[in-house]
Amino acid sequence: MTKKFPLYYILGALMLLASCETTVPLDSSIDTEYTIYALAVAGQPVKAHISHKLSISMGVAFDHLDLDAFTKQSTDFYKKSLLIDDASVGLTVNGGLTYEMAYDTTLCCYTSSYTAQPGDELRIDVAPQVGCKAASTVTQVPTFAAEVSKVAYDVYFDQIATMADRKWEHNWRDYDAYGADSLMIISFDFQDPPGERNYYRLKVRSCNNFKATSHYQGGDSVSTACDVFFSSDPLFYDSRLVKGYGSWSPYFSNVFDDHSIDGKSYRLTVRSRKRLEPDTFTIIEMQSISESLFYYLKSIQLYRISTDDVYSNPIAIDGNVDDGWGVFGALNTRTYIIHR
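Residues numbered from 1 in each chain as written. Predicted model: local features only at pLDDT ≥ 70, side-chain atom pairs only at ≥ 80, totals over all residues. Heavy atoms only, no water.

As for the overall build of the protein chain
Thinking step 1. Counting its regular elements, the protein chain contains three helices and 18 strands.
Thinking step 2. Looking at the protein chain as a whole, 48% of its 340 residues qualify as buried.
Thinking step 3. At a minimum sequence separation of 6, the contacts of the protein chain that also span at least 24 residues come to 74%.
Thinking step 4. In the form shown here, the protein chain has an accessible surface area of approximately 16,700 Å², with 52% of it arising from carbon and sulfur atoms. (Helix = DSSP H or I, 4+ residues; strand = E, 2+ residues; numbered from the N terminus. Buried < 20%, exposed > 50% of the residue type's maximum accessible area, 1.4 Å probe, protein only. Contact = heavy atoms within 4.5 Å. Areas by Shrake-Rupley, 256 points an atom, 1.4 Å probe, with all protein chains shown as cover.)

Written out as structure tokens, the structure reads:
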């Protein structure tokens, strides 16, 4: 079930107040509904964040929803005052066994002992408690992960990165301070299964490990990563994304489906900025994602280029939680690492 929900549950009331100065009561049912953000990654335990009225801007950075968001963020990243840590949460697998999901105080989320498997249909149920009614959500883990093969790459010098008027610290949105003066052109193949609708997200992370200088972080070892990449391939074109976001180009989306390549072996070419030497590597991660996660990420990408103008059209964020808000997404992924 696809469900639209607003970015802020009070946005509609605020817009009316600004335009006609009339007090509009909020829908009391909003206060009684959970917000659930959950993710099932094939080969990993299922995890879920549960809260009251957690808006997009206040909670988990789900515009880059993946395993890293659940395992590497500090607890300070989350609004702990909004998260619920005493809910009764169950995970049902393929309509059979149900596993209790326990709250992890380090990750600030509920985790299960069950490891998600390709093809699993997974259901999360949150029991009612004082002030909140029951909520549920279902997702299916993609049955396959697209294999990355026939990887080829080339490195070339990027003159603009060494221009005399470059101000690294003031232009981080265009060139980050850990980016080298070289770009990598990377090409690879992947095979799309025939006869079914498949959804994908490509992540290309340029990474490095190096010893920081004595005036920065006390000379400690530093690891950096950048997931911004570029491509002119039509698979990445999204006509709705009329503005760029950060360093992402206008009309570019790394979330796509297979409607134009069904059943084909397809070759992609992307560009990624290298990290500073000495220890540099690039991670290519082809994610097969659930339909619910596909539409959620598409709506998030549209939301992040929108303005806060009360006269602009509201952006509807796709979700799949019954009697609540949020999304339960799933993915199956393969990675390929280029060491250079």
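Here we look at helix α3 (residues 291-303)
Thinking step 1. Across its 13 residues, α3 extends 18 Å between first and last C-alpha, which sits within 8% of the 18 Å expected from 1.5 Å per residue.
Thinking step 2. Among the 13 residues that make up α3, ten are buried, leaving the element largely enclosed by the rest of the structure.
Thinking step 3. Burial in α3 covers these residues: S292, L293, F294, Y296, L297, K298, S299, I300, Q301 and L302. (Expected span 1.5 Å × (residues − 1).)

A short note on a nonpolar patch on the surface
Thinking step 1. On the surface, a nonpolar cluster with roughly 310 Å² of combined accessible area is contributed by Y237, V242 and Y251.
Thinking step 2. In this structure, Y251 sits in the loop between β12 (221-226) and β13 (255-257). (Patch = residues over 30% accessible without salt bridge, like charges linked within 9 Å, V, L, I, M, F, W, Y side chains within 5 Å. Salt bridge = Lys/Arg side-chain N within 4 Å of Asp/Glu carboxyl O.)

Quick word on the confidence of the model for the protein chain
Thinking step 1. Across the protein chain, the average pLDDT comes to 78, with 71% of residues at 70 or higher.
Thinking step 2. With pLDDT under 50 throughout, residues 1-30 is counted as low confidence; its partners more than four residues away or in other chains account for 49 contacts.
Thinking step 3. Taken as a whole, residues 60-78 scores under 50 in pLDDT and shows 52 contacts with residues more than four places along the chain or in a different chain. (pLDDT = per-residue confidence, 0-100.)

Brief notes about the pattern of salt bridges
Thinking step 1. Considering all chains together, one arrives at nine salt bridges under this definition.
Thinking step 2. Of the charged contacts in the structure, one is a salt bridge between R197 and D258, with a shortest N-O distance of 3.7 Å. In this pair, R197 sits in the loop between β10 (179-191) and β11 (199-211) while D258 sits in the loop between β13 and β14 (265-275), placing the two residues 61 residues apart along the sequence.
Thinking step 3. Under the relative-accessibility criterion, R197 is labelled partly exposed at 46%.
Thinking step 4. Assessed through its relative accessible area of 1%, D258 is described here as buried.
Thinking step 5. Note that D238 is salt-bridged to K298, the shortest N-O span being 3.1 Å. Of this pair, D238 sits in the loop between β12 and β13 while K298 sits in helix α3, and the two are 60 residues apart along the sequence. No difference in accessibility class separates D238 from K298, as the two residues are buried.
Thinking step 6. Here the residues in one salt-bridge network are R197, D257 and D258, joined through shared partners.

Topic: the sheet that holds β14
Thinking step 1. Taken in spatial order, the three strands line up as β9-β10-β14 in an open sheet, and their pairing is antiparallel. Among the strands making up the open sheet, the edge pair consists of β9 (149-157) and β14. Put simply, the sheet's adjacent strands are angled 20° from each other on average, direction ignored.
Thinking step 2. As judged from the seven bridges shared by β9 and β10, these two strands associate in the antiparallel manner. Looking across to β10, one finds that D154 is bridged to I185. (Pairing = 2+ DSSP bridges. Axes fitted to C-alpha atoms, helices over the stretch in contact; angles between N-to-C directions.)

Comments concerning the pairing of strand β8 (residues 135-140)
Thinking step 1. In this structure, strand β7 (residues 121-126) lies alongside β8, joined through six bridges in antiparallel fashion. Its bridge partner being in β8, R123 is matched across the sheet by V138.
Thinking step 2. Sheet analysis places β8 next to strand β17 (residues 321-322), joined by two bridges and oriented antiparallel. Each bridged residue has a counterpart across the sheet, and for T137 the counterpart in β17 is V321.

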